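Analysis of the macromolecular model
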Amino acid sequence: MLRLQTLRAEFRPTLQLAFPLVLAELGWMSMAIVDTMMVGRLPNSATAMGAVSLGSNIFIVLALFGGGLLMGLDTLVSQAFGAGKREDCHRSLLNSIYLSIGLAPFLAAPVWLLPSLLSGMHVDPTVLALAIPYTKALTVGLLPLLLYFAVRRCLQAMNMVKPVAFALVTANIVNALGNYALVYGHFGIHALGTVGSGWSTAIARTYMASVLVGYLLWYDRKNRTELLKTPVDIDLPRIRRLITLGLPAAIQFTLESGVFALATVLIARLGAVPLASHQIALNTVALTYMVPLGVASAAAVRVGQAIGRGTPRAAGDAGSTAIFLGAAFMTAAGVVLLTVPRWIARAYTPDEGVIRSTIHLLAAGAAFQLFDGIQTVATGALRGTGDTRTAMFCHFTAYWLIGLPLGAWLCFSRGWGAFGLWAGLSLALILIGIVLLFAWRRTVRRLLIAQQGG
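Below is a short write-up of the structure. Because the structure is predicted, anything quoted here is derived from the model rather than measured.

Section: the packing of aromatic side chains
- Tallied over the full model, the rule gives six aromatic pairs.
- Between Y180 and F187 the ring centres are 5.8 Å apart and the planes differ by 65 degrees, which places this aromatic pair in the edge-to-face class.
- An aromatic cluster is built from Y215, W218 and Y219, whose rings are joined through pairwise contacts.
- Across from the ring centre of F412, 5.6 Å away, lies the NZ or CZ of R269, which sits over that ring.

Here is the structure:
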């Protein structure tokens, strides 16, 4: 049980580390929201939003697989930093950059197969015609995005989180201006419509990677951390260790984002209006999810650093406090989704049909908010201990063996439409939250027993 005394002691340091990371995650999600809102004002509103929904969900599966592989940095860098081994942190960063460069072409390749893949799934042809060029434009920013992921995870594991928040907040300004110019044709630029939104996001992601790399070089020069003296040879054992730690996280993120991407493809068979309402609801719950995701990153860092210092009790306290914070925020978010769904939907589109459909989906989203907060932060806390497998198995079982089949049956066989898919995925998230909370408590007990035995 989390004691009040522990909560008071851990609350401030957890919040200090988490707040900039939450801003960064909100900034990451805000790009997708801006893209959707901008194209939602085009004459073909539902079709344009449907294309952005389909394209962005497919792209995010590929990007998050790469980002997940780099999550091994949370463990390696935070534990090395906690043990006072800064050079080891730099070696992990450099080799994660090599890994990013090698990954980019393999992750980009599937995008060029989209026309043949999606045409066979009976997707609305008008949506497909806009979704494919939009996704290809996003893919131009894939390598910068992977580089951003690598540098970001290293910086936050060494407690340097403010530049991460700055990069993403300002990147949103770049993206908003880019959307305004490229989608509608301002500042002397030809209007590109939906595909212009994809180009704008790719430019913004290149910008935020440049900001973090520039900050890291400036910090090294100012504080003489000897980053540039790090051996540049490829450290294959370290890369293997990164992949060993990161692959379960990559699979977990792929399973999670993939199930929503597949749900998007299935909903695309229902038409432009259900697909547009799905995108609005998905953007909304993804935005609330960014807060516990930022807290999860802080949990991974604080738990990892405590283990690096040899203080497992502090690791348990840090992780449990973070889980409490994530759960508390998401409970409040669920109340908001239930009370003002129409206001949320109207922020995206004036289309009354889309608004009515969105309200039902937001109700399903409200049902899993608390459990989504628990599972997200528990995953981060477990990652700080080096456990990236438990979450992977939970997500596979709950999403792909229970939630998606149930949702598809409710959607198509029972005639519930998009709400049926959301109901199935809601049940999956509730199950994942419960299981991962028990997994974290078991891990804490194991750490304390190991300390007593040592």
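Observations concerning the packing of helix α11 (residues 272-309) against helix α14 (residues 352-367)
- Contact pair α11 / α14: the axes reach a minimum separation of 8 Å and the direction vectors enclose 45 degrees. Considering their axes alone, α11 and α14 lie oblique with respect to each other. For the pair α11 and α14, the sense of crossing is right-handed. Counted together, V273, P274, A276, S277, H278, I280, A281, T284 and V285 of α11 and G353, V354, S357, T358, L361, L362 and G365 of α14 form the full contact between these two elements.
- Counted by class, the contact of α11 with α14 contains nine nonpolar, seven polar and no charged residues.

Quick word on the nonpolar core
- Membership of the largest hydrophobic core comes to 139 residues, with the highest contact counts inside it found for W28, L145, Y148, M208, Y399 and W422.
- With 18 residues, α11 is the single largest residue contributor to this core.
- When residues no more than four places from it in sequence are discounted, the contact partners of M208 are W28, M31, L145, Y148, A167, L168 and A171.

Things to note about the state of the cysteines
- On inspection of all chains with the given rule, the structure shows zero disulfides.
- With no disulfide of its own, C89 lies 6.1 Å from the sulfur of C154, the closest cysteine sulfur.

Reading guide: rules and limits
- Residues numbered from 1 in each chain as written.
- Predicted model: local features only at pLDDT ≥ 70, side-chain atom pairs only at ≥ 80, totals over all residues.
- Heavy atoms only, no water.
- Phe/Tyr/Trp six-rings, centres within 6.5 Å; stacked < 30°, edge-to-face > 60°.
- Lys NZ or Arg CZ within 6 Å of the ring centre and 35° of its normal.
- Axes fitted to C-alpha atoms, helices over the stretch in contact; angles between N-to-C directions.
- Helix = DSSP H or I, 4+ residues; strand = E, 2+ residues; numbered from the N terminus.
- Parallel < 35°, antiparallel > 145°, perpendicular 65-115°, else oblique.
- Left-handed = near helix turned anticlockwise from the far one by under 90°.
- Contact = heavy atoms within 4.5 Å.
- Nonpolar A, V, L, I, M, F, W, Y, C, P; charged D, E, K, R; others polar.
- Core = buried A, V, L, I, M, F, W, Y, C linked by side-chain atoms within 4.5 Å.
- Buried < 20%, exposed > 50% of the residue type's maximum accessible area, 1.4 Å probe, protein only.
- Disulfide = S-S within 2.5 Å.

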